[in-house]
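Given next are the chains, with one letter for each unit.
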Amino acid sequence: MKLLTLNFLTCAIKTCKGSPASFPLHPRDSELEIIETDINLPFLKNILPRLTWDAVRTISTELGLPELPATAPTREDLVEPSSTSEDDAEEVPTQVAKDLHRLLLETCVKEGKLVCGCCEHEYQVKEGVANFLLPGHLV
Amino acid sequence: MAETDAQGQSYEAQHVHSVYEEIASHFSSTRYKPWPIVERFLEERPDGAIGADVGCGNGKYLSINDKVFIVGSDRSTNLVSIAKQHHQHLNTSSLVVADNLSLPHPLHAFDFAISIAVIHHLSTPARRVEAVAAVLELLKGAGGRALIYVWALEQKDSRRGWDEGHEQDVMVPWVMKGKKEKKTGSAKKGRRKGDGEEGYGEAAKEEEQAVAAVQDKTFLRYYHLYRKGELEHDVEEAGGVVVESGYEKDNWWAIARLKDGDGR
């Protein structure tokens, strides 16, 4: 499961959703893997404003990955200045863009748990897929 | 059809969820062609939009538009595994196992959501409205749009032949072919034909007839067939506003937004 996904996941239990503590879910006992994909600079630039950067930072820190700056990079930070172009396809990604691609789209949780900070419920991740089905008494 | 919420839940566990787990592989092999309305909706989303595919099945809608990011979820672990095999190296989607009435998503965090051929599997009116509400509450107020697609009662020209006035709560057989032996001769190799309900599984019929099947197994799935206007009613009950709706190939569809969302 790509780390980007964690920006759009929270606890499946309804009463947790109103609580700020339920987002983001906390990865625990995680085994990470890198699944390489081609960098797509226009896509990265477009999803950037939709990221909750604090959540990205929190998750990155909890997984023991290098610390991220306090504020999100800007779209300009992702493009080599000399290559800036009307045509997205002409643009060359910076190291910042490459690092972001590696973190959000190539770094995946293969095995482990995702834990809700509100109710402490643990969701299992197996073979790269998180399972959010709840036991009957929690539905 | 169930009457209470608790009955509905256990009824669906038996007559929907466990069936999809069993037929996942065969079902997936018959689900490869996207429906035009869904394709159009996905292609019209703005670049970089974030979406949810609630009940994504084998993930056939995850790769239509590679400029948006979609989190797909399905109740069936087996279907999600199949979807994952198909989309392992796709940058623009991710998959989780989840129930559509207990979705693991933050509220109002998505630019769009789709729920294709899912809500007709809920077995009480209240649970269907709840399922629509669960899709709508994913949407951002500003510009958020959901596409919901359900099987229609009015389909007198389909193989099933249901129409206005017929029973709306039905059990639909899925025939899984047993071991196959090719007849002698020049039987062409083709896709297996599922007993697909939505009208796009017919292509391989002739090839199928050239193959002798033994030990067929029939599974029954519960469906609530939507009559004209019913989907729009459910959207409104769930706190949504219908932006556009219509009928496509034996199905009703509606594009909706939140009531307090803007009209963009």
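Now for a description of the structure that goes with this document. Keep in mind the model is a prediction, meaning the values are calculated, not measured.

Take the state of the cysteines next. Residue and element names in this part refer to chain A. All chains considered together, the criterion is met by zero disulfides over all chains. We note that Cys 16 lacks a disulfide partner, and the nearest cysteine sulfur, in Cys 119, lies 3.7 Å from it. Using a relative accessible area of 3% as the deciding quantity, one classes Cys 16 as buried.

Another aspect to go through is the interface of chain B and chain A. The interface is formed by 38 residues belonging to chain B together with 32 residues belonging to chain A. The tally of links between chain B and chain A comes to two salt bridges. Close ionic contact of A:Lys14 with B:Glu130 constitutes a salt bridge, the shortest N to O distance being 4.0 Å. Our enumeration of links across chain B and chain A arrives at ten residue pairs in polar contact (both at pLDDT 80 or more). When residues of the side of chain B that touches chain A are traced back to their parent elements, those giving at least two are β2 (69–74), α3 (77–87) and β3 (93–97) of chain B. Considering each element in turn, the side of chain B that touches chain A owes the most residues, five residues, to β3(B). Class assignment of the residues belonging to the side of chain B that touches chain A gives a composition of 18 nonpolar, eleven polar and nine charged.

Reading across the sheet, the eleven strands line up as β1(A)-β2(A)-β3(A)-β4(A)-β3(B)-β2(B)-β1(B)-β4(B)-β5(B)-β11(B)-β10(B) and stay open at both edges, with mixed pairing between neighbours. Strand pairing shows two members of the sheet lacking a second neighbour, β1 (26–34) of chain A together with β10 (240–248) of chain B, which therefore form its edges. On average, each strand axis in the sheet is tilted by 20° relative to the strand beside it, whichever way the strands run. Looking at chain direction, β2(B) and β3(B) are connected through five bridges and run parallel. Among the inter-strand pairings, B:Gly72 is bridged to a residue of β3(B), identified as B:Leu95. Packed on one face of the sheet, helix α6 (residues 230–237) of chain B meets β5 (145–151), β10 and β11 (251–258) of chain B and runs near 165° to β10(B).

Okay, the environment of B:Lys84 next. Among the secondary structure elements, B:Lys84 is positioned in helix α3. Relative accessible area serves as the criterion here: at 16%, B:Lys84 is assigned to the buried category. B:Lys84 sits ten residues away from B:Ser94 along the chain, and the two C-alpha atoms are 8.1 Å apart. With sequence-adjacent residues up to four places away left out, B:Lys84 is seen in contact with A:Glu127, A:Gly128, A:Val129 and B:Leu95.

Right, let's get into the pattern of salt bridges. The tally for this structure, following the rule as stated, stands at 17 salt bridges over all chains. We note a salt bridge from A:Glu31 to A:Lys110, for which the minimum N-O separation is 3.9 Å. With A:Glu31 in strand β1 and A:Lys110 in strand β2 (residues 107–115), the pair connects residues that are 79 residues apart, well separated along the chain. For B:Asp111, the salt bridge goes to B:Lys140, with nearest N and O atoms at 3.1 Å. In this pair, B:Asp111 sits in the loop between β3 and β4 (112–116) while B:Lys140 sits in the loop between α4 (125–136) and β5, placing the two residues 29 residues apart along the sequence. Relative accessible area serves as the criterion here: at 13%, B:Asp111 is assigned to the buried category.

Below, the discussion takes up the side chain of B:Ser76. All names here are of chain B. Topologically, Ser 76 is positioned in the loop between β2 and α3. For Ser 76, a relative accessible area of 2% puts it in the buried group. Within polar-contact distance, the side chain of Ser 76 engages the backbone nitrogen of Leu 79 at 3.0 Å. When residues no more than four places from it in sequence are discounted, the contact partners of Ser 76 are Tyr 20 and Glu 21.

Attention shifts here to α4(B). Over its twelve residues, α4(B) runs 17 Å from end to end, which matches the ideal 16 Å to within 8%, given 1.5 Å per residue. What α4(B) keeps buried is the set B:Arg127, B:Arg128, B:Val129, B:Ala131, B:Val132, B:Ala134, B:Val135 and B:Leu136.

Definitions and cut-offs
- Residues numbered from 1 in each chain as written.
- Chains lettered and ligands numbered in written order.
- Predicted model: local features only at pLDDT ≥ 70, side-chain atom pairs only at ≥ 80, totals over all residues.
- Heavy atoms only, no water.
- Disulfide = S-S within 2.5 Å.
- Buried < 20%, exposed > 50% of the residue type's maximum accessible area, 1.4 Å probe, protein only.
- Contact = heavy atoms within 4.5 Å.
- Salt bridge = Lys/Arg side-chain N within 4 Å of Asp/Glu carboxyl O.
- Polar contact = N/O pair within 3.5 Å; in protein donor to acceptor, adjacent residues only side chain to side chain.
- Helix = DSSP H or I, 4+ residues; strand = E, 2+ residues; numbered from the N terminus.
- Nonpolar A, V, L, I, M, F, W, Y, C, P; charged D, E, K, R; others polar.
- Pairing = 2+ DSSP bridges.
- Axes fitted to C-alpha atoms, helices over the stretch in contact; angles between N-to-C directions.
- Expected span 1.5 Å × (residues − 1).

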